[in-house]
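One letter stands for each residue in the lines below.
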Amino acid sequence: MRHTDENPITPGVPITPGVPAGGAPAAPDDALESLVRARLAERVGTALSESIGRDEAFHELGIDSLDIVTVLADLERECDVERIADGELWDIADSVGALVRHLSAHGRLPGEAR
């Protein structure tokens with residue numbers, strides 16, 4: 001069955017569930033969260049990486065900016081995301097959830113076609 005809801009932004013263009021207005025499906029959050037936690041574990045250890053709440057601030061846990069810059073650089077490369085400016089680090093990468101949202105909005109899972 002086809003989804004035929006009208007797109008309020010572009011009348012006449014049907015809305016496809018799971019596909020943003022730009023047309024490319026967003027990367028699945030669960031897979032991105034697993035990737036973020038895996039890269040974070042390489043810097044801070046698996047126990048801490050797995051115990052962090054999704055929206056718990058890294059700096060409140062003692063995770064420093066060097067760790068986050070390194071993790072973010074790896075994720076940007078793997079997910080084909082444009083590098084963020086240094087001044088935006090804590091706005092974009094202050095928690096697992098923030099990283100997942102940023103990567104989901106601007107990137108793709110490794111191996112996923114764009």
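Presented here is an overview of the structure given in this document. Values in this document were obtained by computation on a predicted structure and should not be read as measured data.

## Re the overall build of the protein
Secondary structure summary: the protein contains five helices and zero strands in total. Long-range contacts, defined as pairs at least 24 residues apart, comprise 58% of the intrachain contacts of the protein with a sequence gap of at least 6. With the model as given, the accessible surface of the protein reaches about 6900 Å², and the carbon-plus-sulfur share is 52%.

## Things to note about the environment of Ile68
Relative to the elements of secondary structure, Ile68 occurs in helix H3 (residues 65-79). Under the relative-accessibility criterion, Ile68 is labelled buried at 1%. For the pair formed by Ile68 and Arg39, sequence separation is 29 residues and the distance between their alpha carbons is 9.8 Å. Beyond its immediate sequence surroundings of up to four residues, Ile68 is in contact with Leu40, Phe58, Ile63, Leu89, Trp90 and Ala93.

## Considering the environment of Ile63
Position of Ile63 among the secondary structure elements: in the loop between helix H2 (46-51) and H3. As a C-alpha pair, Ile63 and Val44 span 19 residues in sequence and 7.6 Å in three-dimensional space.

## Some details on the pattern of salt bridges
According to the stated counting rule, one finds nine salt bridges in the structure shown. A salt bridge links Glu76 to Arg83, with the shortest nitrogen-to-oxygen separation between them at 3.0 Å. Since its relative accessible area comes to 4%, Glu76 is described here as buried. Counted as one network, the salt bridges with shared partners bring together Glu33, Arg37 and Arg54.

Conventions adopted
Residues numbered from 1 in each chain as written. Predicted model: local features only at pLDDT ≥ 70, side-chain atom pairs only at ≥ 80, totals over all residues. Heavy atoms only, no water. Helix = DSSP H or I, 4+ residues; strand = E, 2+ residues; numbered from the N terminus. Contact = heavy atoms within 4.5 Å. Areas by Shrake-Rupley, 256 points an atom, 1.4 Å probe, with all protein chains shown as cover. Buried < 20%, exposed > 50% of the residue type's maximum accessible area, 1.4 Å probe, protein only. Salt bridge = Lys/Arg side-chain N within 4 Å of Asp/Glu carboxyl O.

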